[in-house]
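# Topology and contacts: notes
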Amino acid sequence: MRIEKRWKVLIIDDDPGILKVTAIALEDAGYTAITAPDGESGIELCVRESPDLVITDIRMPGIDGIEVLKRIKQIDPDREVIVVTAFSDINHAIRALQLDASDFITKPISEQALTVALKRARDRYTTRKELRDYTSTIEQRWMETAEELAKTFHLQKLLIESSIDGIIACDREGKIVIFNRSMEQMLGYARDTVSGMQIDELFCRGEARKFRELLDSGEFGGQGKLFLHESCLSGQHGARIPVQLSAARMIQGEEDMGVVCFFRDEREIRKLAQEVVDQARLLHQDKMISLGKLAASVVHEINNPLAGILNYARLMIRILSRGDLSQELSTKFQGYLSLMESELERCSKIVSNLLAFSRKSRLEFSPVDISEVLNKCINLSGHKMALQNIRVEADLSRDLPRIQGDFNQLQQCVINLIFNAIDAMPEGGVLSLASSFDADRDLVRISIRDTGCGISKEDLPHVFDPFFTTKTEGKGLGLGLSTTFGIVDRHNGTIRVESEPGKGSGFEIELPANSRPLG
Ligand SMILES: Nc1ncnc2c1ncn2[C@@H]1O[C@H](COP(=O)(O)OP(=O)(O)OP(=O)(O)O)[C@@H](O)[C@H]1O
Ligand SMILES: [Mg+2]
């Protein structure tokens, strides 16, 4: 008898002869045999050496084989134990089998009986081990699946609980089975209170029926679905809560499992909308106040020249009514008329600037190359600058994307800035103009800097206000920068100024490369 695995067998017998012979027979058969002369030392050896099989005699002084069997099974129920009995000891053998002995053999031990018993024990051991391995694999798999399921379940629960929208799911009969935290907050009910309740009870009167009809009509989101339906829920203490509701029937295979509803609290949305309206109203009020101020300053600015014109016109009418127009008077009249002309020009300049500023004039949008605008402005103001000893440094990009804009109005903007710079450098200086493209922000930038007198800290916040000027009477209207601001704004752009008194000023205009006319 040859075996593959080297099995370790413990033999317990008080007969040294039997011990020896059995051990030799086992070793011959390919087992590793260890021996113990009595039950006590046999159990000790069993614990220490962990044999695969134990063969124990039943009748022994001290603790007998049945006791040895019991204790070994207590320590390790899977250990295979073969008991050896005298032929007359059949009762003991039966008792041993009841205590889960693998087998029994009778004395004198025949090699054949031993071989058969050992093989059976080994088979039992192997089958038991395979069964155990199999069971533990199944257990392991089951644990993993259970863990996986628990994880998915927790994630889904978390998902439902973390939703900002209120979520209610009900079964086929309309009984609430899921009621998330946002829902609790929205209605003021704890989920235990509503669990098992009919979902219809949460709707305001008439709303549940409407909801069901729409859900099944398929008109608003498809069959068994309802998308963004305005409805009303009834909260704690009868509070009416306006909601936006989306819902879907939960279908598994062919079976209708119920309905899941998502509720958005309209009160929040309405609050936000109200805030926007309030803000717009405030802005409008602000605008009206500014317009009032502007109207007052316009009246003031136009009143003086108009009064002058009126005076001269009346004077001329009175003189003409006398009937004679001497040479001397005719010369005077020419003087009056030219004064009237310049005052009228002033009025018309104020009006046209204000039109540009107040968005009343129309903008003609077409693709514009900003470098071309700048070049044209440099040419237009070149003579003036040369006279005033101003050197121009231009750094104009050649491959700017064309922007959508009004060429003439943009030219007006740049001219206003150049004229201001010229005024700021009566003793000469340097005017730097640059154009560039910011690809990251998709905008075209214009920069105009001078080395002039600069702007004081107190004046800086007011330079874009209409009629703000530090120039002497008749020299400036204070409309250049406000007009520029208005035009840039209508091109969806921005204008910035920085200045240091005594050193100079810099203006920067940014225009979106894809701007469209506003208003
Ligand atoms: N480059 C600059 N350097 C110094 N001060 C400036 C410059 N640009 C503008 N300012 C200041 O801002 C004020 C307002 O400029 P704005 O162009 O609006 O009006 P103005 O030049 O005074 O008059 P207008 O342009 O209507 O003839 C100017 O009076 C001046 O004080
Ligand atoms: Mg100006």
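In this text the structure is predicted, and so the values were computed from the model without any measurement. (Residues numbered from 1 in each chain as written. Chains lettered and ligands numbered in written order. Predicted model: local features only at pLDDT ≥ 70, side-chain atom pairs only at ≥ 80, totals over all residues.)

### So, the domain arrangement of the chain
- On domain assignment, one finds that the chain holds domain 1 (8-134), domain 2 (162-269), domain 3 (271-357) and domain 4 (366-512).
- Here domain 2 and domain 4 have C-alpha centroids that lie 60 Å from each other. (Domains from an automatic or database assignment.)

### Points about the sheet that holds strand β12 (residues 390-396)
- Reading across the sheet, the five strands line up as β12-β14-β15-β17-β16 and stay open at both edges, with mixed pairing between neighbours. Lying at the two open borders of the sheet, with one neighbouring strand each, are β12 and β16 (494-500). For this sheet, the mean inter-axis angle between neighbouring strands, taken without regard to orientation, is 10 degrees.
- Set on the sheet, helix α12 (residues 407-424) makes contact with β12, β14 (429-438), β15 (443-450) and β17 (504-512); between it and β15 the angle comes to about 20 degrees. (Pairing = 2+ DSSP bridges. Helix = DSSP H or I, 4+ residues; strand = E, 2+ residues; numbered from the N terminus. Axes fitted to C-alpha atoms, helices over the stretch in contact; angles between N-to-C directions. Contact = placed C-beta atoms within 7 Å.)

### A look at unusual backbone geometry
- At the junction of Lys107 and Pro108, the peptide bond is cis and its omega measures out at -10 degrees in the coordinates.
- Inspection of the secondary structure puts Pro108 in the loop between β5 (103-106) and α5 (111-162).
- Backbone geometry places Leu228, a non-glycine residue, at a positive phi of 50 degrees.
- Within the secondary structure layout, Leu228 lies in strand β8 (residues 225-234).

### What about the packing of helix α11 (residues 370-387) against α12?
- It is the contact of α11 with α12, at a shortest axis distance of 9 Å, that shows an interaxial angle of 35 degrees. The hand of the α11/α12 crossing is right-handed. Taken together, the residues of α12 that come into contact with α11 (itself represented by Val373, Leu374, Lys376, Cys377, Leu380, Ser381, Lys384 and Met385) are Phe407, Leu410, Gln411, Val414, Ile415, Ile418 and Ile422.
- For the contact of α11 with α12, the class distribution of residues is 11 nonpolar, two polar and two charged. (Left-handed = near helix turned anticlockwise from the far one by under 90°. Nonpolar A, V, L, I, M, F, W, Y, C, P; charged D, E, K, R; others polar.)

### A few points about the packing of helix α2 (residues 39-49) against helix α3 (residues 65-75)
- Where α2 meets α3, the axes come as close as 10 Å, and the angle between the chain directions of the two elements is 20 degrees. By the angle class used here, α2 and α3 are roughly parallel. The two elements α2 and α3 meet at a crossing, and its hand is right-handed. Contact residues: α2 offers Gly39, Gly42, Ile43, Cys46 and Val47, while α3 offers Glu67, Val68, Arg71, Ile72 and Ile75. (Parallel < 35°, antiparallel > 145°, perpendicular 65-115°, else oblique.)

### Points about the site of ligand 1
- Not every one of the 23 residues close to ligand 1 is listed here, only the nearest: Asn420, Ala424, Thr469, Gly476 and Gly480.
- Examining the composition of the shell around ligand 1, we find that four residues originate from one element, α12, more than from any other.
- Across the shell around ligand 1, the residue classes tally to nine nonpolar, 11 polar and three charged. (Near = placed C-beta within 6 Å.)

### What to know about α2
- Residues of α2 that are buried: Gly39, Gly42, Ile43 and Cys46. Down the axis of α2, the sector holding all buried residues measures 100 degrees, keeping them to one side. In α2, those exposed residues whose orientation departs by more than 90 degrees from the buried face are Glu44, Arg48 and Glu49.
- Residues of α2 that are buried in the fold lie against β1 (8-12), β2 (32-36), β3 (53-57) and α3.
- Looking at the residues trailing α2, positive phi occurs at Ser50, about 45 degrees. (Buried ≥ 20, exposed ≤ 12 C-beta atoms within 10 Å, placed from the backbone. Arc of directions from axis to C-beta.)

### A look at the pairing of β16
- The pairing of β16 with β17 spans seven bridges and is classified as antiparallel. Bridged to Ile495 within β17 is Ile509.
- Count of turn residues in the β16/β17 antiparallel hairpin: three residues, of which Gly502 carries a positive phi of about 90 degrees.

### Re the sheet that holds strand β7 (residues 176-179)
- Read from one edge to the other, the open sheet built from five strands follows the order β7-β6-β10-β9-β8, with strand pairing classed as antiparallel. Where the open sheet ends on each side, the last strands, each with one partner, are β7 and β8. The mean inter-strand angle of the sheet, taken between neighbouring strand axes irrespective of direction, is 25 degrees.
- Pairing of strand β9 (residues 240-252) with strand β10 (residues 255-265) involves 10 bridges; the strand directions are antiparallel. Across the sheet, the residue bridging to Val243 is Asp265, located in β10.
- In this fold helix α8 (residues 207-217) packs onto β8 and β9, with an angle of close to 175 degrees to the strand it touches most, β8.

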